[in-house]
Amino acid sequence: MKELNTFVYQIYPKSFNDTTGNGIGDLVGVIEKLPYIRSLGFDYIWVTPFYKSPQVDNGYDVSDYYQIDPLFGTMADFEMLIKVAAQNELKVMIDIVFNHTSDQHEWFQKALAGDEYYQQYYIFNDKPTNWKSKFGTDAWTYVEKLDKYYLHLFDKSQPDLNWESENVRLELQKIINFWMDKGVKGFRFDVVNLVSKKYPLVDSVGDGREQYTDGPRIHEFLQELRMKTFGDKVDFLTVGEMSSTSIESCLQYANAQKTEFDSVFHFHHLKVDYENGDKWTRDYFDFELLKSLLKDWQLKMDENNVIDTLFWSNHDQPRISSRFIKAPTSELQMKKNKMLAMSMYLLKGISYIYQGEEIGMENFEFDNYDQIVDVESRNFYNLNPLLASEEKLTIISQKSRDNGRTPMQWTNDIYGGFSTTQPWINVNPNYQLVNVQEQLTDMDSTLSFYKKIIKLKKTDLVLQQGNVKFIDHKQLLIFTRQLNDVKYLIICNYYNQEVDYAVEAVKQVIINNETEINGNKLKLSPFASILIEI
Ligand code: GLC
């Protein structure tokens with residue numbers, strides 16, 4: 001199965017590489033860095049939205065699916081991107097945002113102007129339900145002129161599309177086919193498991209999610225979409241982003257017959273630092289939960305021949321380097337980065353690595369409100385007047401999506417070599433220590449380690465196809481990968497404390513990040529990790 005050695009590099013163009021000097025990254029900037037991405041061993045790039053957009057949610061509010069936003073360049077730039085990517089043996093995956101449009105989209109504007117045909121493209125109701133949007137506000141907004149409310153599961157500028165309407169579904173298929181004709185080789189579908197709402201729309205005892213998550217017609221909609229667009233195309237990769245989903249639903253979304261998507265993103269393992277399930281909390285880490293989630297998903301997906309996705313970060317997540325147990329020195333931080341890379345990418349599945357993760361980019365320390373750009377984080381700040389500002393800023397420094405959006409740190413030049421001018425969002429001041437240029441020539445760097453892991457996974461069949469088993473331990477994440485009679489053991493120390501561990505035997509040491517080996521006895525130093533054949 002070729003997919004199991006696939007590595008995808010995620011690019012958030014706005015923060016990747018600015019070639020025009022306006023403080024905003026662009027498509028030409030992406031083209032410029034393709035040789036770098038290829039040199040790390042990636043097969044795909046996934047580029048997040050660059051469509052025409054008012055940028056309230058950084059492009060996830062699309063106002064025209066057929067145009068490139070001038071902020072990022074032109075259609076000619078995009079065509080060039082596809083071409084140069086192919087020259088670099090890279091395929092291009094793009095983001096498809098179909099749960100909602102921007103309120104500036106022509107369809108919504110016509111709906112607001114009273115056009116009934118376009119009103120059925122959205123979800124208008126005389127009465128709102130009590131649902132909350134994913135960004136913390138009410139999920140319905142009143143339109144005085146129509147004396148109706150419209151539904152938005154995200155910002156009020158992102159009205160939800162009505163997938164019950166066949167006309168809407170036809171429009172969406174057309175968009176997919178348009179981009180396929182341009183030569184894209186994959187799609188990532190944004191929050192796509194939210195598109196089928198339960199009717200009638202009723203109040204919820206919670207925030208409403210059970211009324212639209214993995215909804216009643218979802219599989220039918222996705223099967224139809226696939227049939228009318230990418231179908232059985234080989235050499236093509238699709239991944240659906242699933243919000244608050246279940247394993248059972250994902251087994252169907254990414255079923256082995258590939259009638260819906262090739263794979264899915266699920267996020268439970270990235271909520272293990274949410275105290276009582278609440279994202280906006282701090283200094284919390286449930287290691288037991290992390291281990292049990294990794295185990296459950298890996299095993300269930302594998303048993304059902306469903307391909308799992310492996311990822312620690314994306315543009316909606318704080319930086320993985322800064323999560324879980326804190327590494328107090330830059331040396332330990334580097335060890336922790338390597339340990340986390342081993343924990344994730346030596347599991348079974350398609351790997352997604354987000355820009356900057358490969359150099360261990362870290363969270364930003366927010367010390368005032370004006371530094372916050374993200375709409376979700378601003379809402380958290382503004383909707384919690386009883387929490388002290390300092391406390392809110394500390395939480396935001398740990399949890400905000402902005403942490404993942406600070407500009408890519410290329411060099412130790414001003415603005416990290418991302419731009420020649422003050423970027424749209426602040427650069428992390430640690431760019432002088434943490435940047436691509438420094439790490440490229442340092443064989444011990446996080447970057448060199450990512451390169452090594454990618455190369456190993458791409459050439460080693462045990463790491464691609466071997467079955468996965470977990471061994472429980474309080475302080476260590478331990479799993480084996482086995483193919484025929486070759487068996488690997490991977491041990492990762494999540495804590496800043498030394499720990500002893502005895503193994504059956506050590507046949508061969510493949511990777512060792514600071515573990516002392518004495519016969520069959522191992523002494524793992526803080527944040528150490530090791531891969532051995534046993
Ligand atoms: C997805 C995107 C996120 C966006 C949201 C609404 O979760 O990854 O950035 O805000 O959908 O489109």
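Residues numbered from 1 in each chain as written. Predicted model: local features only at pLDDT ≥ 70, side-chain atom pairs only at ≥ 80, totals over all residues. Heavy atoms only, no water.

Caption draft 1: Fine view of the overall build of the protein. A tally of regular secondary structure across the protein gives 15 helices and 19 strands. Its C-alpha atoms give the protein a radius of gyration of 23 Å, within 12% of the compact-globule value 24 Å for 534 residues. Based on the C-alpha atoms only, the size of the protein along its principal axes is roughly 75 × 50 × 50 Å. Considering only contacts in the protein between residues 6 or more positions apart, those separated by 24 or more positions represent 68%. For the protein, the computed accessible surface area is about 20,700 Å², with 49% contributed by carbon and sulfur atoms. (Helix = DSSP H or I, 4+ residues; strand = E, 2+ residues; numbered from the N terminus. Rg over C-alpha atoms; globule rule 2.2 N^0.38 Å. Contact = heavy atoms within 4.5 Å. Areas by Shrake-Rupley, 256 points an atom, 1.4 Å probe, with all protein chains shown as cover.)

Caption draft 2: View of the site of the ligand. Around the ligand, the surrounding shell holds 13 residues, and the nearest of these are D57, H100, D190, H315 and D316. Burial of the ligand by the surrounding chains reaches 96%, relative to a free accessible area of 310 Å². Residues of the shell around the ligand, tallied by class, amount to 4 nonpolar, 2 polar and 7 charged. (Near = heavy atom within 4 Å. Nonpolar A, V, L, I, M, F, W, Y, C, P; charged D, E, K, R; others polar.)

Caption draft 3: Local environment of the pairing of strand β1 (residues 7-11). Across the 5 residues of β1, 5 count as buried, placing the element largely inside the fold. The pairing of β1 with strand β13 (residues 350-354) spans 4 bridges and is classified as parallel. Within β13, the position partnered with F7 by the bridge is S351. (Buried < 20%, exposed > 50% of the residue type's maximum accessible area, 1.4 Å probe, protein only. Pairing = 2+ DSSP bridges.)

Caption draft 4: Quick peek at the sheet that holds β13. The strand order across the open sheet built from 8 strands is β11-β10-β9-β5-β2-β1-β13-β12, with neighbouring strands paired in parallel fashion. The strands lining the two open edges of the sheet, one partner per strand, are β11 (263-265) and β12 (309-310). Pairing of strand β10 (residues 237-241) with β11 involves 3 bridges; the strand directions are parallel. Bridge assignment links V239 to a residue of β11, and that residue is S263. Packed on one face of the sheet, helix α6 (residues 166-181) meets β5 (91-96) and β9 (186-189) and runs near 145° to β9. (Axes fitted to C-alpha atoms, helices over the stretch in contact; angles between N-to-C directions.)

Caption draft 5: Spatial organisation of the sheet that holds strand β7 (residues 140-143). Spatially, β6-β8-β7 is the arrangement adopted by the 3 strands of the open sheet, whose pairing is antiparallel. Here the strands that pair on one side only, and so sit at the sheet edges, are β6 (124-125) and β7.

Caption draft 6: Quick look at the pairing of strand β17 (residues 499-502). Residues V499 and Y501 line the buried face of β17, whereas the alternating positions D500 and A502 sit on a face that is not buried. Of the pairings in the sheet, the one linking β17 to strand β19 (residues 521-533) comprises 4 bridges and is antiparallel in character. Bridging across to β19, A502 finds its partner in K521.

Caption draft 7: Geometry of the packing of aromatic side chains. According to the stated counting rule, one finds 51 aromatic pairs in the structure shown. A network of ring pairs unites the aromatic residues F50, Y51, Y65, Y66, F78, F98, W107, Y117, Y118, Y121, F178 and W179 as a single cluster. When the ring centre of W424 is taken as origin, the NZ or CZ atom of K14, which lies over that ring, is 4.4 Å away. A cation sits over an aromatic face here: K392 above Y381, 4.3 Å from the ring centre. (Phe/Tyr/Trp six-rings, centres within 6.5 Å; stacked < 30°, edge-to-face > 60°. Lys NZ or Arg CZ within 6 Å of the ring centre and 35° of its normal.)

Functional significance is not addressed by these values, which are geometric in nature.
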